Amino acid sequence: MIELDHVSIHAGEFSLSDICMQVPRGHYAVLMGRTGRGKTTILESICGLRKVTSGRILIDGVDVTTWLPGDRQIGYVPQDLALFPTLTVGQHLAFALRLRKRPQSEIDERISQLAKVLGITSLLGRKVDALSGGESQRVALGRALSFRPAVLLLDEPLSALDESTRAEMHELLKRVKETTGVTTLHVTHSNEEAEVLADQRFELHDGVLTVA
Ligand SMILES: Nc1ncnc2c1ncn2[C@@H]1O[C@H](COP(=O)(O)OP(=O)(O)OP(=O)(O)O)[C@@H](O)[C@H]1O
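Think of each chain on its own: its residues are numbered from 1, step by step along the sequence as written. This being a predicted model, a pLDDT of at least 70 is required before a residue's local features are given, and a value of 80 or more before pairs of side-chain atoms are given or counted; all residues contribute to the totals for chains, interfaces and linings. Side-chain measures were taken over the full set of non-hydrogen atoms in the model, leaving aside hydrogen atoms and water.

The name an unreviewed UniProt entry assigns to the protein is Sulfate/thiosulfate import ATP-binding protein CysA, from the organism Stieleria neptunia.

Colleague: Give a detailed account of the sheet that holds strand β4 (residues 54-59), specifying residues and quantitative values.
Modeller: A pair of strands is labelled paired if DSSP reports no fewer than 2 bridges between them. Only DSSP runs of H or I with at least four residues qualify as helices, and only runs of E with at least two residues qualify as strands; both kinds are numbered from the N terminus onward. Read from one edge to the other, the open sheet built from 4 strands follows the order β2-β1-β4-β5, with strand pairing classed as antiparallel. Edge positions in the sheet fall to β2 (14-23) and β5 (62-63), since each has one partner strand and no second. Relative to β4, strand β1 (residues 2-11) runs antiparallel, the two sharing 5 bridges. By the bridge assignment for β4, E3 is matched with L58. Two residues qualify as a contact provided that any one of their heavy atoms is within 4.5 Å of a heavy atom in the partner residue. Fitting a line to C-alpha atoms yields each axis, with helices limited to the stretch in contact; the angle taken between N-to-C directions then spans 0 to 180 degrees. The strands touched by helix α1 (residues 39-47) within the sheet are β1, β2 and β4, with β1 carrying the most contacts at an inclination of about 115 degrees.

Colleague: An account of the pairing of β1 is requested, with residue identities and associated values reported.
Modeller: Strand direction decides the pairing type here: β1 and β2, joined by 7 bridges, are antiparallel. Within β2, the position partnered with I2 by the bridge is V23.

Colleague: Before we move on, can you summarise helix α3 (residues 104-118) with the specific residues and values?
Modeller: It helps to recall that an α-helix has 3.6 residues per turn; residues three or four apart then point in one direction. Here, expected helix span is obtained from the residue count minus one, scaled by 1.5 Å. For α3, built from 15 residues, the straight-helix expectation of 21 Å at 1.5 Å per residue is met to within 8% by its first-to-last C-alpha distance of 21 Å. Those residues of α3 hidden inside the fold are in contact with α2 (89-99), α4 (133-145) and α5 (163-180). With its phi angle positive at about 70 degrees, G119 sits one or two positions after the end of α3.

Colleague: Would you mind going over empty space enclosed by the protein in detail, with residue names and values included?
Modeller: One way to see where empty space is left: roll a probe the size of a water molecule over the atoms. Definitions used throughout: a 1 Å grid over protein atoms alone; a cavity as a set of points that fits a 1.4 Å probe which cannot get out; a pocket as an open set with protein on both sides within 12 Å along at least five of seven lines; a lining residue as one with an atom within 4 Å of a point. Grid points are joined across faces, edges and corners, and a volume is the space filled by probe spheres set on the points. Tallied over the entire structure, the rule returns 1 cavity of 30 Å³ or more. Of the voids in this model, the largest cavity is the one considered here, and its volume is about 40 Å³. Around the largest cavity sit V77, Q137, L141, L154, P157, L158, M169 and L173, which together line it. Going through the elements one at a time, α4 and α5 are the ones with two or more residues in the lining of the largest cavity. Residue classes follow a fixed rule: Ala, Val, Leu, Ile, Met, Phe, Trp, Tyr, Cys and Pro count as nonpolar, while Asp, Glu, Lys and Arg count as charged, and any other residue, Gly among them, counts as polar. Along the lines of polarity and charge, the residues of the lining of the largest cavity split into 7 nonpolar, 1 polar and no charged.

Here it is, written out as structure tokens:
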């Protein structure tokens with residue numbers, strides 16, 4: 001479960017006040033709203049990349065407001081993906097598990113399982129710089145899911161893709177939702193995406209978050 005309890009956030013001149021949100025465990029929620037309204041700011045606060053000035057953030061009932069990002073068990077796919085140019089696809093899938101000092105046999109098994117689910121087995125040895133947009137999205141999603149996070153945050157993951165790749169990614173995200181049951185918050189501008197994927201829809205307008 002993701003819970004924002006009367007959260008306020010300041011970023012330079014921009015601020016959000018008294019934001020409340022609840023995404024029950026296993027739900028797939030989308031967050032919509034016009035550009036510059038603070039959707040990314042909310043995701044960054046949930047994963048700990050941005051401090052909140054008041055209120056609490058809870059993950060599965062635990063108050064993580066002051067926790068470091070790495071301790072929150074959150075998988076995050078940022079808008080620009082932030083792939084590592086010097087690492088291969090396989091090393092991206094292994095990254096979070098190596099940080100957590102998981103045994104090599106477990107890492108190998110997880111890489112092979114994830115690559116199969118994401119359809120990127122043939123890319124495992126490739127560097128990421130020459131991947132297509134859809135392939136890069138799959139790698140970023142794999143890196144975020146690798147350590148079986150409690151929560152997955154997706155920031156406009158499909159906006160740069162062509163229509164048929166987007167449709168493939170919708171199917172993939174639906175499969176991830178069904179097979180992992182990970183609680184997901186997905187920022188999008190696409191009504192179609194919301195219709196295909198969402199159990200729950202939030203809209204952010206002029207600093208007010210509403211359930212649509
Ligand atoms: N570090 C910062 N300093 C000053 N202003 C900031 C900072 N970070 C974000 N902002 C401002 O906060 C506002 C909200 O930005 P944010 O990226 O959260 O919006 P968004 O709803 O995700 O937009 P988009 O749909 O275009 O991605 C914007 O006006 C942005 O310029």
